[in-house]
Amino acid sequence: MPSKEKETIQLRQGTLDLIVLRTLASMGSQHAYQIATRLQQISDRLLNLNQGTLYPALVRLEQYGWIKGSWGITENSREAKYYAITKAGQKALSEETERWRKMTGLVERLLQEEFQP
Amino acid sequence: MKHLRRGMRKFFGLFTNSRTEAEMNREMASHLALLEEEFLRKGMVPAEARRQARISFGGVEQTRIACREERGLPFIEKLWADIRFGWRQLRRNKITSAAAVLSLALGIGSCVAAFRLIDALLWRPLPISGASNLYVLSRQMTGLYGRPAEDGHWATPAFKLMRDAVKGQADLIAISDADRTDITWSTDDDTEKAHVAYVSGNMFPLFGLEPALGRLLTPADDRGPGLNPYAVLSWDYWNHRFGRDPHVLGRSVHIGDQTFEIIGVGPRAFTGTENGTITDVFLPVNVNSFATQDNITWHRTFLMLNPGVNPATVLEPLRQHLSAINRTFEGQCSECLRGMAQAEIDRHLDQKLVFKPAGSGISDLQKDYRRFLGVLGLLAALVLMIACVNVANMMTAQAAARAQEMALRISIGAGRRRLVQLILCQSALLALLASVVGAFFAAWSAPFVLSLVNPPDNPARLALPADWRVLLFGFGLMLLVVLSLGLLPALRASAVRPVAALKGGDDPHSPRRLLRGAIALQIAFCCLVLFLSSLFVTSFQRLQNRPLGFSTDRLLLLETVAGKGQLPVVWNQTAEALRAVPGVDSVAISGWPLLGRIKINSDISVNGAPPSSTPAFFLNVSPGWLSMMKIALVSGRDFRLEDTSPGAAIVNETFARTFFPGQDPIGRTFARDANRPPNKIVGVTLDIPDHDLREPNRAVFYVPFAGIDGKSAPTVENFATFVIHTNTQNALALADSLRQLIAQRHNGLRVSNVTTQLDLVRDQTIRERLIAMLAAFFAAVALLLAGIGLYAVLNYSVLQRRREIGIRMAMGSTRAGIVRIVTVDVFLMIALGGCAGVALGFGAARYVESLFYQVKATDADMIVLPAFALLLTALVATLPAVLRALRTNPTEILRAE
């Protein structure tokens, strides 16, 4: 389904999981709002997703045992649930990253072949 | 791995739903607060900041649902919601639901109970190894009165010949019936009853049975009388008689005139091969004195194929081989053929040996009760079907009443699958509740019916475990009930066309068509139940009211044994002593009681001719017995003290007609065999049923109790029955003192069994009484259920058609006209269903004809009675609906529209 706003991209199935994992791996323990903010920052607002969309992904990742949530206090003393990547999560991240690279490399090659002639 | 972990979490998530839900709300609230703060920092006014925060976050409720679906098992959660909804539906109509559950429970419980009995008696494999390789041998021949007969009992010498002949291909096993026998555990005269079976030594090893204690009999133990007199107890007997005391090993038990040492206890599951009787004591075949007799057939013979052989190729050659050996044995058995005419010898030798699978055990109870249990199962199934139709009707009506709700659900986007699931959930709930109640009913009723199967002093016993077979059956039944209840209403409901239903004008005829079909079905089943039960009840009544021709009033029977036999004079002195006891009116002696278990036939030879092919049955009686039993003498006189046997005889009218046609039998003579001394007929009595109430009267002759041998010396009697006419209604009250009196005389006589003549007559009709009782019960239930069903359907149809009825009334339709349109199709359906039921009844009756006594399915009154009962029920059931229709107020109805 084409997006109404030409500037933004739709996330593909499964990519959000990878992004969340990657964020947690590089930034350490984060709560959902921080993850969402970080996503918007690095995507340069290209990726305009509702922040609520994160939650099903968080539930899913927690059920896989790749991340673990615990309650904590933010710097302006509000309670929030912080998510940290687990050991299984680290391993899954490297596997998923590998898979992603293979995938995109393959797609990239295919696309180039198609447009060369 | 990750999916497994996730699945587990999802599953456990089902139970911790509310906690995680609360946590999720907390987390999202904090997220929104953080966002709101961010926007406030950017200088928005609070209201705008909150709005922007919500916009950035997206739909809170959608997020919540998305998480829920991600976290849990949405299918199960939906199912759970449907179950809760179904439960609320059921609770909304408490009385209807309770009636539905109870009627289904009765049906399911009866079916499961019938299955338990059928399975335990007929189908369940014996708990032995190689049950599927076990066969039983029997001989098909022409029996008494030229009827085809089958004899499953064999003489031990014939068994041994056959056993040796098939060695290497198969094993033969001898097992006697477990007869109720007097046994003594201590040395004094303290006897008790136990079921004793004689088995060949190879039985335990071939059946692969392991002892629970000690060791079991082996072929080496089975050598002969006095050699290795060892006995094995069954686990059941060890348990209830000895409380599983291990010191029972080595104890001795006296059975007959022999003493046996207990060497072991059999495995818990094995109760013998005779379904309906639990064997208490196993003895070796060869210790029995019958084992050497050529002409006494007394034990069954089983054939165990060696494992791995193909029955299809082996059985027939084996059968022919054994058949040939049996024929040779019979032909050479001089004792068996003594005194027979050549034609009779030929007839006797014309036997066919057959094998029958015996992996589920073999017993007379199976033969007697196979059809009975078939009927029981059929009746239970019919009642369940009637109950199912009722409940399905109820649900159809409810579903029709909910057509608007369904339409609404569909139009706001509920899937039709979900609707079907909703209704199936409701029927599953009903079936589940009914199964639970039904399980209790079955747990009680199966042993209850079983306890009524045999005379109270020797009840039938069957292991009735609630194992996987029963559970599987119950589960299958429940599934069937769920489908039959829910499928039709579910499909109907999901076929609702929302537009039509919401406008309030769905096709008014379609649910009624379905309900009408249901009525016809229900009436057909009900009619079948009524028809069969009227046959059984009439059978029982006719059997019970059969004129006996002898008295049963205040007659106490002491079945007495004398170990090595006693002379008639001893028996007479004992009778004299009994006569002196206060409360005793008079005493007589007969060899055995009328209508008891014993019957002995004898060949009759008139004027030295070879014996006739028609046998006669006899009974030895003391003088005064005939008058005590009030058996009328047609001519001649009773026995006198000086009469002896052989010597004098009294015959019944059938005997006189058979052997002395057209002559006065008084003064004529007959012999009990070609070469035996003659008996002179001194009297003629009326016919009485002497052995079986169901059989026509037979030729019977009585001989004096005082027997003499060839040299006119008195002969001893091993057993006889004292017939005591008491002057109290409760004849059994005297039994204990009389039993003690006999024991105190120390003349070798001992009372083995006490009963009354009335009980013996009652015992004759046990099966018929039981089936009449059960059939009447099922008929009442069926009638009640059909009545309720009819009432509900008609009531519903009047409610549905009240607009039409109102319009008709407004247009001047007469009351008769209204009654006609309300009831005409229902009675049409009743007539249709009734005819179908009677047609089914004729078919079923042919199958169970052997259970009838002097009734035929074609007797007019057998059909009139059920038809009348059905019509009456229909009238009562339709009355409320008709009255409701007549009370319809056209103005009200039409104004309400």
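Small disclaimer: the values here were computed from a predicted structure and weren't measured.

Peer 1: Account for the packing of helix α3 (residues 54–64) of chain A against helix α4 (residues 60–71) of chain B, naming residues and giving values.
Peer 2: Interhelical geometry of α3 of chain A versus α4 of chain B gives an angle of 20° and a closest axis separation of 8 Å. With respect to their mutual orientation, α3 of chain A and α4 of chain B come out roughly parallel. Like other packed secondary-structure pairs, α3 of chain A and α4 of chain B cross with a definite hand, here right-handed. Each of Tyr55, Pro56, Val59 and Arg60 of chain A in α3 of chain A lies in contact with α4 of chain B, whose residues at this interface are Thr63, Ala66, Cys67, Glu70 and Arg71 of chain B.

Peer 1: Mind laying out unusual backbone geometry, listing which residues take part and the relevant values?
Peer 2: A cis amide bond, omega -5°, links serine 645 of chain B with the succeeding residue proline 646 of chain B. Locating proline 646 of chain B in the fold gives a position in the loop between β17 (633–636) and β18 (648–652).

Peer 1: Now, about the nonpolar core: what can you tell me, with residues and values included?
Peer 2: Residue and element names in this part refer to chain B. In terms of nonpolar packing, the biggest core is built from 118 residues, with Leu104, Leu379, Val383, Ile386, Cys526, Val529 and Ala782 touching the most fellow members. Here the element with the most residues in this core is helix α13 (residues 364–401); it accounts for 23 residues. Setting aside its immediate chain neighbours within four residues, valine 529 contacts Leu379, Leu382, Val383, Phe778, Ala779 and Ala782. If you look at the next biggest cluster of nonpolar residues, it comprises 57 residues, including Val196, Leu216, Tyr230 and Phe302.

Peer 1: Could you give an account of the domain arrangement of chain B, with specific residues and numbers?
Peer 2: Here the domain parsing of chain B yields domain 1 (2–72), domain 2 (131–359), domain 3 (367–545 + 766–896) and domain 4 (555–727). Distance from the C-alpha centre of domain 1 of chain B to the C-alpha centre of domain 3 of chain B: 54 Å.

Peer 1: Before we move on, could you go through the interface of chain B and chain A and cite the residues and values that matter?
Peer 2: Between chain B and chain A, the contact holds 21 residues from the first and 19 residues from the second. Mapped by element, the contributors of at least two residues to the side of chain B that touches chain A are α1 (2–13), α2 (17–41), α3 (46–57) and α4 of chain B. Here the side of chain B that touches chain A gets 7 residues from one element, more than from any other, and that element is α2 of chain B. Among the residues forming the side of chain B that touches chain A, the class breakdown is 7 nonpolar, 6 polar and 8 charged.

Peer 1: How would you explain the pairing of strand β21 (residues 700–704) of chain B if you had to name every residue and give the values?
Peer 2: Residue and element names in this part refer to chain B. Where burial is concerned, most of β21 is hidden: 5 out of the 5 residues are buried. The alternating pattern of β21 places Val700, Tyr702 and Pro704 on one face and Phe701 and Val703 on the opposite face, and all of these are buried. Here strand β16 (residues 616–621) runs beside β21; their pairing, made up of 5 bridges, is parallel. Bridged to valine 621 within β21 is proline 704. As paired elements, β18 and β21 share 2 bridges and run antiparallel to each other. Among the inter-strand pairings, valine 651 is bridged to a residue of β21, identified as phenylalanine 701.

Reading the values: rules and limits
- Residues numbered from 1 in each chain as written.
- Chains lettered and ligands numbered in written order.
- Predicted model: local features only at pLDDT ≥ 70, side-chain atom pairs only at ≥ 80, totals over all residues.
- Axes fitted to C-alpha atoms, helices over the stretch in contact; angles between N-to-C directions.
- Helix = DSSP H or I, 4+ residues; strand = E, 2+ residues; numbered from the N terminus.
- Parallel < 35°, antiparallel > 145°, perpendicular 65-115°, else oblique.
- Left-handed = near helix turned anticlockwise from the far one by under 90°.
- Contact = placed C-beta atoms within 7 Å.
- Core = buried A, V, L, I, M, F, W, Y, C linked by C-beta atoms within 7 Å.
- Buried ≥ 20, exposed ≤ 12 C-beta atoms within 10 Å, placed from the backbone.
- Domains from an automatic or database assignment.
- Nonpolar A, V, L, I, M, F, W, Y, C, P; charged D, E, K, R; others polar.
- Pairing = 2+ DSSP bridges.

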